[in-house]
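# Per-entry structural report
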Amino acid sequence: MTMRRVVLSGSVFEERIGYARAVVDGDWVHVSGTTGFDYAAMSISDDVVEQAEQCLRNMGAALAEAGCTFADVVRVRYLLPERDDFEPCWPVLRRVFGEVRPAATMMVCGLADVRMKIEIEVYARRGPVAGVRIEAVEGERMLEEWRHVHNTVVPPGALSPEEVRERSGRYRLVNAYVGEALVGCSTVRPPEREGGAVTVIARALPEWRGRGVGRVLYDDGLAHARVLGAGVVETCVLAANGDGLRFAAARGFAEVDRYVLPGEQDEWVDLRLSVIES
């Protein structure tokens, strides 16, 4: 069955009219026509270029919540009441789409509010993601981001800020990003005793699974485990992460235990693997 979910931005128009900022339907993401309103303040600039920039900020936030970026956009439509307003927006649009090169259409038409000078609509398709950036967790903001991923992936084992700070002093914690979007995190636990195992745990946020994030996190964690000189690495690829399962199979690891934590749903199953390093 195709998984469908909606992304809301908080715009009053979505509530009054009855639509979503974006709809995720399997690998497809459909973003509604988006204007230059700042939805937090429900204000809008008089300048068409500033409206275009705000359109893109609004759309970028919706795409990130849907688990993709502008790099995944395959089709874009530009709607403007005045054709002469389009060319001044080109530098802003080229900055976002210049390397992506989606199919595009520009239409001259009336918009719902006379203050609106441009509306943008996109379709995106999620696939393997490139450019996953791994950063060691430092500072309160990154600790809170790590905690967000951990608690989203493993809600029965939710951690408090104090517990995360304590773990950061004992374990290697990293976050993964695509652009500015937080997509996952990982933990490397040193051996607890002489000759003990190092544990590598990779977590990808649900909307980013199946896109290679888990593989990048796992590879990074395993490389660090090897630096520790571990003879055995116990690996836990979390939350039905398809990338982790394929990665494991490709390297011939043996599954030794499958379990569900108390209160977890089926999609939060962990796969625990043992790895013997030569």
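What comes next is a walk through the structure. (Residues numbered from 1 in each chain as written. Predicted model: local features only at pLDDT ≥ 70, side-chain atom pairs only at ≥ 80, totals over all residues. Heavy atoms only, no water.)

## Considering unusual backbone geometry
What counts, and what does not: Secondary structure counts use DSSP, requiring at least four H or I residues in a row for a helix and at least two E residues in a row for a strand, with both numbered from the N terminus. Relative accessible area decides the class of each residue, using a 1.4 Å probe on protein chains only: under 20% of the type maximum gives buried, over 50% gives exposed, and in between gives partly exposed.
Positioned with a positive phi, Met-42 is a non-glycine residue whose angle comes to about 50°. Locating Met-42 in the fold gives a position in the loop between strand S4 (37-38) and strand S5 (43-44). Owing to a relative accessible area of 23%, Met-42 belongs among the partly exposed residues under this scheme. Positive phi outside glycine occurs at Arg-101, with the angle close to 55°.

## Things to note about the nonpolar core
Nonpolar side chains in soluble globular proteins generally cluster together in the buried interior. This is how it is decided: Nonpolar core, defined: a set of buried Ala, Val, Leu, Ile, Met, Phe, Trp, Tyr and Cys residues in which side-chain atoms within 4.5 Å join the residues together.
Counting residues in each nonpolar core, the largest one holds 29 residues, and the members touching the most others are Trp-146, Trp-208 and Val-213. For this core, the secondary-structure elements that each account for two or more residues are helix H4 (139-153), strand S10 (172-178), strand S11 (181-189), strand S12 (198-204) and helix H6 (213-227). Core analysis: the second largest hydrophobic core is formed by 28 residues, Ala-22, Ala-62, Val-73 and Val-76 among them.

## Considerations on the packing of aromatic side chains
Condition: Here a pair means two rings of Phe, Tyr or Trp (six-membered ring of Trp) with centres within 6.5 Å. Their orientation is stacked below 30 degrees between planes, edge-to-face above 60, and tilted elsewhere.
A complete count under the given rule lists four aromatic pairs for this structure. With a centroid separation of 5.4 Å and 70° between ring planes, the pair formed by Phe-13 and Phe-37 is classed as edge-to-face. Pair noted here: Phe-13 is in helix H1 (residues 12-18) and Phe-37 is in strand S4, with a separation of 24 residues, a long-range link. We classify Phe-37 as buried; its relative accessible area is 1%. With a centroid separation of 6.0 Å and an interplanar angle of 85°, the aromatic rings of Phe-86 and Trp-90 are classed as edge-to-face.

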